[in-house]
Amino acid sequence: MTNENRDQFKPEDHPNDHFIMTSVVGSYPKPKWLNRMNDLYEQDDGPVDEEDLQEAEDDAARLITNEHERAGLDTVVDGEMRRNEMVEFFADRIEGYEFNGPVKVWGHNTFDKPSVASEVEYDESWLVDEYKFTASVTDRPVKVPITGPYTLASWSFNEAYEDEEALAYDLAELVNEEIEKLVDAGARYIQIDEPALATTPDDHQIVGDCLERIVADIPEDVRIGLHVCYGDYFRIYPDILEFPVDEFDLELANGDYEQLDVFKDPEFTKDLALGVTDVHVAEVESVEEIKENIKKGLEVVPPERLVVSPDCGVKLLPREVAYGKMENMVLAAREVEAELDAGEIEIDAPTPADD
C-alpha cells in the first residue's frame, strides 16, 4: 500500500497547492422524520411498508450527502442513514448471528447485543447498494465505513467459537469479501472501524492479523483507513504502525491532545486522520480554534500525510451543530493550506527529506 493514493481525492479546482483532505468518520444526525418513519415501520400492521421506508432512507441519504457537499468536504458519506448501530447493522446481515434482546450499555442507552450461535457465513452484500446510491447522488469521492471484525467479535456473545480470536479471523474473511464487492462497485476509500482496539491492551496482534486478511488482494489504489476512537493509545503504539493500512483515524480533540506525544516517538510513518472537532461537545468550534487543532497534526506528520475529520461519528449532536463543525473544519483546513503555501507555518513533523 502507498500513501500516494491520497492524491486521487484532491479536487481538480482545489484552491491551494497544499492539500489537507477533509472527511467525516461516518455517522450523522438522522432527520427526525426518518426516525419517525422507522418507528412506524416497526409497528405491526403499521402504515409504513418496506418500500416506503426505502424511499425515506434514499431521501435522507441524498439530503445528508448533499449537506456534506455544502460543507465543502473532500470525501463524503451518506451519514449512515440506513444503519441503526455499528454492530447490530452488520450482525443482522451475517449468517450465524442471532439477537436475544437489548443490553444496557451506558446511561439509559441500550444495545441489542447479538450472539454468535453458529459459524459465521457471508450471505448477501451489506453495503454495496448503499455505496452505489451515495455515489450516484454526488460527484465527490465516497468513503465507506465498515465495522471491523475485532469489534464485531468483541461486542457480541460468542456461543459458537473456541475463542474470540477464532471468531474475529472468520469475520475478517467476510469483511474482505464485502470490500472486494465494494471495490468492484467503484469504492476507493474504505474505513475499518475498530473502537474496541484501544480498550484492550493485548489484542492488537489479533487486529493486525485480521487486517492482513481484510486487505488481501485489495488494489493499492484503494485507500484503507482504520478508525480507533477513545482509549489509551500508548497501549497500541507503535505496534499499529505494522498494520497494513494507509491511515489511522484517531480521536484526540476530546482529550485536548494529551496523547499526541504518543505518536511522535517513534516516528509516525502512516497518514494521520486527526480528529479536530470534539463530537462530545454540542457547540461549534471556531475556525481559529480548529486551525490550532490542525496544526497539532503537523507536529506528527507533514501536510501531505494529514487528513482532518471530527473525532468520531456525529450522530448524537444536534444536526445544525454537526453541520457547523464540518463547515468550520473545512474553512480551517483551507486557511491552514493557504498559510502553508505562503510559508507562514513552521512544520515540526519529520519530512521525507529528514529520513
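Everything quoted here is computed from the prediction, not taken from an experiment.

A word on a negative patch on the surface
Where like charges cluster on the molecular surface, the negative patch consists of E95, E119, E121, D123 and E124. Relative accessible area serves as the criterion here: at 53%, E119 is assigned to the exposed category.

Structural notes on the sheet that holds strand β2 (residues 94-99)
Taken together, the three strands give an open sheet; going across it, the order is β2-β5-β7, and neighbouring strands pair in mixed fashion. Taken across any chain shown, the strands that pair with only one partner, and hence form the sheet edges, are β2 and β7 (157-158). Two elements, strand β5 (residues 114-122) and β7, share two bridges in a ladder whose sense is parallel. Looking at β7, one finds that S115 is bridged to F157.

What to know about helix α7 (residues 204-215)
An ideal rise of 1.5 Å per residue puts 16 Å on twelve residues; α7 measures up with 16 Å between its terminal C-alpha atoms. Along its buried surface, α7 packs onto α5 (149-154), α6 (164-184), β8 (189-193) and β9 (223-228). Positive phi shows up at D217, right after α7, with a value of about 65 degrees.

Structural notes on the pairing of strand β11 (residues 271-277)
Of all the seven residues making up β11, seven are buried; the element is thus mostly covered by neighbouring parts of the structure. Alignment of strand β10 (residues 247-250) against β11, held across four bridges, turns out to be parallel. Paired with L250 across the bridge in β11 is L274. Pairing analysis gives five bridges linking β11 to strand β12 (residues 306-310), with the strands arranged parallel. The partner of L274 across the bridge, within β12, is V308. This β-α-β element, β11 to helix α8 (residues 287-297) to β12, shows right-handed connectivity.

A word on the packing of helix α1 (residues 32-42) against helix α2 (residues 50-71)
Put simply, α1 and α2 touch, their axes get as near as 10 Å, and they point 165 degrees apart. Taken together, the axes of α1 and α2 are roughly antiparallel relative to one another. In the packing of α1 onto α2, the handedness of the crossing is left-handed. Judged by residue contacts, W33, L34, M37, N38 and Y41 of α1 engage E50, D52, L53, A56, E57, D59, A60 and L63 from α2. The class makeup of the residues in the contact of α1 with α2 is eight nonpolar, one polar and four charged.

So, the side chain of N176
Looking at the secondary structure, you find N176 in helix α6. Setting aside its immediate chain neighbours within four residues, N176 contacts R213, I214, V215, A216 and I218.

Considering the UniProt feature "binding site: Zn(2+)" (unreviewed entry) in the chain
Per the UniProt record, "binding site: Zn(2+)" (unreviewed entry) is found at H227, C229, E251 and C312. These residues run over 86 residues, yet every pair of their C-alpha atoms falls within 8.5 Å of each other. For H227, the position within the fold is in strand β9. Ignoring anything within four residues of it in the chain, the contact list for H227 reads V25, Q191, I192, D193, E194, P195, D249, D311 and C312. Considering the arrangement of structural elements, one finds C229 in the loop between β9 and β10. Note on C229: relative accessible area 5%, which makes it buried. Apart from residues lying up to four places away in sequence, C229 is in contact with P195, A198, E251 and C312.

Structural notes on the packing of α8 against helix α9 (residues 319-341)
At their nearest, the axes of α8 and α9 sit 8 Å apart, and the two run at 60 degrees to each other. The angle between α8 and α9 places the two elements in the oblique class. Two packed elements cross with a definite hand, and for α8 against α9 that hand is right-handed. The residues of α9 that touch α8, namely those facing V287, E288, I290, K291, I294 and K295, are K325, N328, M329, L331, A332, A333, E335, V336 and E339. Looking at the contact of α8 with α9, its residues break down into eight nonpolar, one polar and six charged.

Cut-offs applied
- Per chain, the residues get numbers from 1 upward, laid out in the order the sequence is written.
- Predicted model: local features are reported for residues with pLDDT of at least 70 only, side-chain atom pairs are reported and counted for 80 or more only, and whole-chain, interface and lining totals are derived from all residues.
- Side-chain metrics in this entry use all non-hydrogen atoms of the structure; hydrogen atoms and water are not considered.
- Two joining distances apply to patches: 9 Å for like charges and 5 Å for nonpolar side chains (Val, Leu, Ile, Met, Phe, Trp, Tyr), and every residue must have over 30% relative accessible area and no salt bridge.
- Only the protein chains shown count as covering a residue, and every accessible area follows the Shrake-Rupley method with a 1.4 Å probe.
- Each reported salt bridge corresponds to a side-chain nitrogen of Lys or Arg within 4 Å of a carboxyl oxygen of Asp or Glu.
- As used throughout, the charge tally considers Lys and Arg to be positive and Asp and Glu to be negative, leaving His and the chain termini uncounted.
- Think of each charge as sitting on NZ of Lys, CZ of Arg, CG of Asp or CD of Glu.
- Type-normalised accessible area, obtained with a 1.4 Å probe on protein chains alone, sets the label of each residue: buried when under 20%, exposed when over 50%, and partly exposed for intermediate values.
- Pairs of strands are assigned from DSSP output, requiring at least two bridges between the strands.
- Counting from the N terminus, the helices are the DSSP runs of H or I reaching at least four residues and the strands are the DSSP runs of E reaching at least two.
- Helices are assigned an expected span. That span is 1.5 Å times one less than the residue count.
- Residue contacts follow a heavy-atom distance rule, with two residues in contact if any of their heavy atoms lie within 4.5 Å.
- Look down the strands so they point away from you; if the path from the first strand over the helix to the second goes clockwise, the crossover is right-handed.
- Axis lines are fitted through C-alpha atoms, for helices just across the contact stretch, and the angle between N-to-C directions can take any value from 0 to 180 degrees.
- Under this scheme an angle from 65 to 115 degrees is roughly perpendicular, one under 35 degrees roughly parallel, and one over 145 degrees roughly antiparallel; angles in between are oblique.
- By convention, the crossing between two helices is left-handed when the near helix turns anticlockwise from the far helix through less than a right angle, and right-handed when the turn is clockwise.
- For this classification, the nonpolar set comprises Ala, Val, Leu, Ile, Met, Phe, Trp, Tyr, Cys and Pro, the charged set comprises Asp, Glu, Lys and Arg, and every other residue, Gly included, is treated as polar.
- UniProt positions are given in the numbering used here, feature names are shortened, and annotations may be inferred rather than shown by experiment.

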